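Tertiary structure, described
Here's the letter readout for the chains.
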Amino acid sequence: MSTTKRNYVFNLLLTGFNILFPVISFPYAAKILGPVGIGKVQFILSFTQYFALIAALGIPIYGVRVISQSAHDSKLLYKNLGELLSIHIACSIIISIIYFATIISFSFFSNDKSLYFLSALIILMGFTSIDWYFSGIENFKLIAIRSVSIKVVSLICLFLFVKVKSDYTIYLAISLFSILGNNIINIISVRKHIAIAYRGTKKHLKPLMYTFGTTVATSMYTMLDTILIGFFADDRSVGLYSASIKLTKISIPFIISAATVLMPRISKLFGSGDYTSLNLILNKSFNFIVTTASPICIALIFLAPELIYVFSGTQFNEAILTMQILSPLALIIGLGYFWGFQILIPAGKEREMLISVIIGMVINLSLNCIMIPIYKQNGAAVANVISELMVTLAYMYFCLKIIPFKISHKPLLYNLLATIPFIIVVLVCKSLTHNTWYILFFSIISFVVLFFLVQIKLLKNSVVNELIAGYLMKH
């Protein structure tokens, strides 16, 4: 098996478990803690993660490119690792001080001050998140095995210790463990190669500023929505939004899984100028994204009531409309990841990335401030979809100006049309029965059958045919 295929298998394992983890953990936690308890924890985590994001200074994205380009020279590789870690440690200390000062100074945080202090570990230990290093050297096996192990332990702890509504503090602690546990193990594994060196960090600062600006601006419309709901509405609205956004985004890691593995390889092809190979890889990646994302968007729209009931319970019925509004995100974010992180970043177009996300940030903040006080979680959902769409269109505009080849957009249209039989089946199922489990079961079975029939027989989709051929060869 080639390195790329092996990396994809491990990344697919990780992606599959990242999808399975919230499918198992969130329904259990939601039904015990309710919208208010879930909303409280999600708000605290989102608020703290925003500070951690600032402290990271764009290193998780920039680091993949730097490490992948220096992987051939071990001395340069470990030098870059030490320098980027040095920057992250310094930023973590500074941002932690600002975070603690904010929590102490404002009365808004006084009721749950101890929880905010506990959550500060995400900022203080943020530098231990070095998946960018392992991605850069294309060691997806290590990332997958350790991440899966930590999540299994987290699930066991969740089922053992979260039993009543007042256990939201324990739920927060388990969430922190699932975030930080893997990071700490990873950094211990490379401790022999780490040499903290502030002297050589200057060369990283200028490109990091572009990536940092892009990351912060992106977070303004991907993370700040939850924070703004907490400020402008209440914990219940945060809980309802969290239930819908988690279900909506649960498939996104799978949709972009191939893109994540290919990013280091694409960076090298851009560097070598091998545009023939690059064109082939990018077109396959685009086809994979639209093939997987299109039916998921349609399923989220038409099966939203059943999904919310099964995964969150009747307490979250108000989240059904929110989820339907958010349903296009699977396709929009998938395409945004393709244009932005598979083309603009490897091509070194950080400035164009920054311009694109600033557009999204301005639109998102404006719409959120107007709509959340009136429509609460539904207003945030509308703002989220519009801003993500505008960012993706901006990415696409810049890509079409710089790349010396064409991406075929026919798969997008064909895959959207291919979902029509599935829509008909779902509507028929709903007219015949009101049993939630029957509707989900027959809809999913029919979706799988119709999906493969249409893709293979009608569209003759190369991505699906290659996946099936690869499976048959192994068996």
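Residues numbered from 1 in each chain as written. Predicted model: local features only at pLDDT ≥ 70, side-chain atom pairs only at ≥ 80, totals over all residues. Heavy atoms only, no water.

**Thoughts on the overall build of the protein chain**
The line we're drawing: Secondary structure elements follow DSSP: runs of H or I no shorter than four residues count as helices, runs of E no shorter than two count as strands, and numbering proceeds from the N terminus. Here the term buried applies to any residue with accessible area under 20% of the maximum for its type, exposed to any over 50%, and partly exposed to those in between, with areas from a 1.4 Å probe on protein chains only. In what follows, a contact means two residues having at least one pair of non-hydrogen atoms within 4.5 Å. Note on areas: these come from Shrake-Rupley sampling with a 1.4 Å probe, and a residue is covered only by the protein chains present in the view.
A count of helices and strands for the protein chain gives 23 helices and zero strands. Expressed as a percentage of its 475 residues, the buried residues of the protein chain come to 55%. Considering only intrachain contacts with a sequence separation of at least 6, the fraction spanning at least 24 residues in the protein chain is 84%. For the protein chain, the exposed surface amounts to about 20,700 Å²; the carbon and sulfur share of it is 70%.

**Section: the nonpolar core**
Considering soluble globular proteins, one finds that nonpolar side chains tend to be buried as a cluster. For clarity, the cut-off: Put simply, a nonpolar core is a bunch of buried Ala, Val, Leu, Ile, Met, Phe, Trp, Tyr and Cys residues held in one set by side-chain atoms that sit within 4.5 Å of each other.
By size, the foremost hydrophobic cluster in this structure holds 127 residues, and its most contacted members are Trp-132, Tyr-133, Tyr-171 and Trp-339. The leading source of residues in this core is helix H1 (residues 3-56), at 16 residues.

**Some remarks on the packing of aromatic side chains**
What counts is decided by this rule: Side-chain rings of Phe, Tyr and Trp, where Trp is taken by its six-membered ring, are said to pair if the distance between their centres is within 6.5 Å; with planes under 30 degrees apart they count as stacked, over 60 as edge-to-face, and otherwise as tilted. A ring is scored as having a charge over it whenever the NZ atom of a lysine or the CZ atom of an arginine sits within 6 Å of its centre and within 35 degrees of its normal.
By the definition in use, this model includes 20 aromatic pairs. With 5.2 Å between their ring centres and 85° between their planes, Phe-108 and Phe-109 make a pair best called edge-to-face. Taken together, the ring pairs in this structure connect Phe-43, Phe-47, Phe-51, Tyr-99, Phe-100, Phe-108, Phe-109, Tyr-116, Phe-117 and Phe-231 into an aromatic cluster. For the cation-ring pair, Lys-40 lies above Tyr-168, with the distance from its terminal atom to the ring centre recorded as 5.6 Å.

**Things to note about unusual backbone geometry**
Most peptide bonds take the trans configuration, and most residues that are not glycine carry a negative phi. Phi at Leu-57 is positive, roughly 60°, even though this residue is not glycine. Checked against the element boundaries, Leu-57 lands in the loop between H1 and helix H2 (59-70). Phi is positive for Lys-376, which is not a glycine, with a value near 55°. Considering the arrangement of structural elements, one finds Lys-376 in the loop between helix H18 (350-375) and helix H19 (377-402).

**A short note on the environment of Leu-389**
Secondary-structure assignment places Leu-389 in helix H19. Each C-alpha atom of the pair Leu-389 and Gly-360 lies 8.3 Å from the other, and the pair is 29 residues apart in sequence.

**Things to note about the pattern of salt bridges**
To be explicit about the condition: The working definition used for a salt bridge is a side-chain nitrogen of Lys or Arg within 4 Å of a carboxyl oxygen of Asp or Glu.
On inspection of all chains with the given rule, the structure shows six salt bridges. Among the ionic pairs, Lys-40 bridges to Asp-112, the shortest N-O distance being 3.3 Å. With a gap of 72 residues between them, Lys-40 in helix H1 and Asp-112 in the loop between helix H3 (74-105) and helix H4 (113-119) connect regions that are remote in the sequence. By the burial criterion, Lys-40 is buried, and Asp-112 matches it. Between Asp-234 and Lys-376 there is a salt bridge, with its nearest N and O atoms 3.9 Å apart. Linking Asp-234 in the loop between helix H10 (224-232) and helix H11 (235-249) with Lys-376 in the loop between H18 and H19, this pair joins segments that are 142 residues apart in sequence. By relative accessible area, which is 31% here, Asp-234 ends up partly exposed. With relative accessibility at 37%, the residue Lys-376 sits in the partly exposed group. Within this structure, Lys-40, Asp-112 and Asp-235 form a network of salt bridges that share partners.

**Considerations on H10**
For H10, the buried fraction is high: seven of the nine residues fall into the buried class. Looking at H10, one finds that the buried residues are Leu-224, Asp-225, Thr-226, Ile-227, Leu-228, Ile-229 and Gly-230.

**A closer look at the confidence of the model for the protein chain**
Filter applied, for reference: On a range of 0 to 100, pLDDT expresses the predictor's confidence in each residue.
Predicted confidence across the protein chain gives a mean pLDDT of 81, with 86% of residues reaching 70 or more. Across residues 468-475, confidence stays below pLDDT 50; counting only partners more than four residues off in sequence or on other chains, it has four contacts.

**Describing a nonpolar patch on the surface**
Operational definition: Candidates for patches are residues over 30% relative accessible area with no salt bridge; among them, like charges are joined within 9 Å and nonpolar side chains (Val, Leu, Ile, Met, Phe, Trp, Tyr) within 5 Å.
Where nonpolar side chains cluster on the molecular surface, the patch consists of Leu-413, Tyr-414, Leu-417, Ile-420, Ile-424, Val-428 and Leu-432 and spans about 700 Å² of accessible area. Elements that contribute at least two residues to the nonpolar patch include exactly helix H20 (410-417) and helix H21 (420-432). Take the nonpolar patch: its biggest share by element is four residues, from H21. Inspection of the secondary structure puts Leu-432 in helix H21. A relative accessible area of 70% places Leu-432 in the exposed class.

**What about the environment of Ile-370?**
Here Ile-370 lies in helix H18. Ile-370 gets classed as exposed once you look at its relative accessible area, which sits at 55%. Each C-alpha atom of the pair Ile-370 and Ala-380 lies 9.5 Å from the other, and the pair is ten residues apart in sequence.

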